[in-house]
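Structure at a glance
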Amino acid sequence: MRILSIESSCDETAVAITEGRRVLSSVVASQIEEHALYGGVVPEIASRRHAEAIAGLTARALAEAGCGYADLGAVAVTAWPGLIGALLVGVNFAKGLSLATGLPLVAVHHLRGHVAANYITHPALEPPFLCLVVSGGHTHLVGVDSYTDYRILGATRDDAAGECFDKTARAMGLPYPGGVHLDAAAEEGNPAAYALPRPQVEGRPLDFSFSGLKTYVVNVIHRCEQKGEAYSLPDLAASVRRSICDLLTEKTMAAAAQYGFSRVALAGGVSANRLLRRQMEQACRAANLAFFAPDPPLCGDNAAMVGVQAYYEAAAGHFADQTLNAAATRSIVEG
Ligand code: KG4
Ligand code: ZN
């Protein structure tokens, strides 16, 4: 079944045509340059850009896949979680398409989509597996029991890992979104140069807390600025990256051991991080676990991952209708 899928939860408008796990076309219009002017996503601008881009991208995705509406079996859309105004653009466009074409409608959870990016890169990967979902707004350790059944085994108590990357990068004067720039700067730095905290959550060894680390790093920078002292940006970037990646790797390995998973995957924008991929791969090899991560271009927001998850939601009989509404927050467990 061919699916036309739409993603508009944050600052990328994306449309794809997929068939099972196969991607026939995938187009993304990024708004990053415009939001970079403000140092972060401006929700109102995001919604307006989605509204402008979505019809043209849909036509392009169909043309690149060489198909028309008559060749499709469903329309899918990211309905939650995300920026509500941004999500509503995709949801309403998808409802309009479904109404006009008679195609069934499938609502997809954004983080389930990120997990499904792994199915595109790794055609043989099947649940059950453990997935570390690390994006700009979420950090979860998720047990993927089947394509549509999930358990949350650990989560952040405050900031997401991506937020910690972005906010510390911003304090260093790096452009938005900071994570990718911090990652690049860190490649040149010494990760042992700064002794940074690795916060733990008392009594909850699989949970994360990044806000203390973020505040500590921002204070290091402010102190240097106040005293007129220079700090080494590559060294500080490398030290921050090491702290975040150590915490992510350590807790993922602990969860895999505790719950007996033999396969471990990464998902979400932060899974493009070079050190995280290297560390997780090494840790999995040492523990004799199979390791998976999406190809770097599939780690960020795209509609192909939404289409692939929609295929599994449809196979499980999960369809939406014209009463579908977007939601800013919703657990991956609820779907
Ligand atoms: O999944 P995503 O594209 O959007 C959300 O669903 O939030 O994730 C975006 C996050 C941002 O915080 C961005 O800085 C981070 O992923 N990111 C990275 C890297 N590439 C993107 N963080 C660290 N290293 C990277 N290479
Ligand atoms: Zn995302």
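The rules behind each value
Counting starts from 1 at the beginning of each chain's written sequence and moves along it residue by residue. Naming scheme: in the order in which they are written, chains are lettered from A and ligands are numbered from 1. In view of the model being predicted, local features appear only for residues whose pLDDT reaches at least 70, and side-chain atom pairs are presented and counted only at 80 or more, with totals across whole chains, interfaces and linings using the full set of residues. Note: side-chain values were computed over all heavy atoms of the structure, leaving out hydrogens and water. Every helix listed is a DSSP run of H or I at least four residues long, and every strand listed is a run of E at least two residues long, numbered separately from the N terminus. Expected helix span is computed as 1.5 Å times (number of residues minus one). Each residue's exposure class comes from its accessible area (1.4 Å probe, protein chains only) as a fraction of the maximum for that residue type: buried when under 20%, exposed when over 50%, partly exposed otherwise. We define a polar contact as two N or O atoms separated by no more than 3.5 Å, with the added condition that, inside protein, one atom must be a possible hydrogen donor and the other a possible acceptor, whereas residues neighbouring each other in sequence contribute only through side-chain atom pairs. In this entry, domain limits derive from an automatic or database-based domain assignment. Between two residues, a contact is recorded if the distance between any of their heavy atoms is within 4.5 Å. Here the buried area means the combined drop in accessible surface, using a 1.4 Å probe, for two parts upon being joined, counting both sides. Whenever a carboxyl oxygen of Asp or Glu lies within 4 Å of a side-chain nitrogen of Lys or Arg, that contact is scored as a salt bridge. Each pair of strands is called paired provided DSSP finds at least two bridges between the two strands. All axes here are fitted lines through C-alpha atoms, helices being fitted over the stretch that makes contact, and every angle between N-to-C directions spans 0 to 180 degrees. The pairing test for Phe, Tyr and Trp rings, Trp by its six-membered ring, is centres within 6.5 Å, and the orientation test on the planes gives stacked under 30 degrees, edge-to-face over 60, and tilted for anything in between.

Between its terminal C-alpha atoms helix H9 (residues 274–286) stretches 19 Å, which fits the 18 Å expected from 13 residues at 1.5 Å a residue. Listing the buried residues of H9 in full gives Leu275, Leu276, Arg277, Gln279, Met280, Ala283 and Cys284. The backbone nitrogen of Leu275 lies 3.2 Å from a side-chain oxygen of the residue at the head of H9, namely Asn273. Directly after H9, the chain includes Asn288, whose backbone phi takes a positive value near 65 degrees.

Let us look at the domain arrangement of the protein. With domains assigned, the protein is organised as domain 1 (2–115 + 298–315) and domain 2 (126–296). Each of domain 1 and domain 2 has a C-alpha centre, and the two are 27 Å apart. Contacts between domain 1 and domain 2 engage 20 residues on the former and 23 residues on the latter. Approximately 1700 Å² of surface area, both sides summed, lies buried where domain 1 meets domain 2, with 67% of it carried by carbon and sulfur atoms. Sorting the residues of domain 1 by area buried against domain 2 places Leu111, Val115 and Cys299 first, and these three jointly supply 37% of that buried surface. Seen at the junction of domain 1 and domain 2, the total is zero salt bridges. Only helix H1 (32–36), helix H4 (110–121), helix H10 (296–299) and helix H11 (304–315) provide two or more residues apiece to the side of domain 1 that touches domain 2. The element that contributes the greatest number of residues to the side of domain 1 that touches domain 2 is H4, accounting for four residues.

What follows concerns the sheet that holds strand S10 (residues 290–292). Taken together, the five strands give an open sheet; going across it, the order is S8-S7-S6-S9-S10, and neighbouring strands pair in mixed fashion. Each of the sheet's edge strands pairs with one partner strand only, and the pair in question is strand S8 (149–155) and S10. In this sheet, adjacent strand axes meet at a mean angle of 25 degrees when their direction is disregarded. Where strand S9 (residues 263–267) meets S10, three bridges bridge the pair, whose relative direction is parallel. Looking at S10, one finds that Arg263 is bridged to Ala290. Against the sheet, H9 touches strand S6 (129–134), S9 and S10, its axis set at about 175 degrees to S9.

Right, let's talk about the packing of aromatic side chains for a bit. Within the structure shown, the criterion is met by six aromatic pairs. Each ring, one from Tyr119 and one from Phe129, has its centre 6.1 Å from the other, and the planes form 80 degrees; the classification is edge-to-face. Note that Tyr119 is positioned in helix H4 and Phe129 in strand S6, a separation of 10 residues in sequence. Using a relative accessible area of 0% as the deciding quantity, one classes Tyr119 as buried. Relative to Phe210, the ring of Phe208 lies with its centre 5.9 Å away and its plane at 10 degrees, an arrangement referred to as stacked. What makes Phe208 buried here is its relative accessible area of 0%. The exposure class of Phe210 is buried, given its relative accessible area of 0%. Taken together, the aromatic side chains of Tyr119, Phe129, Tyr147, Tyr311 and Tyr312 make up a single cluster linked through ring pairs.

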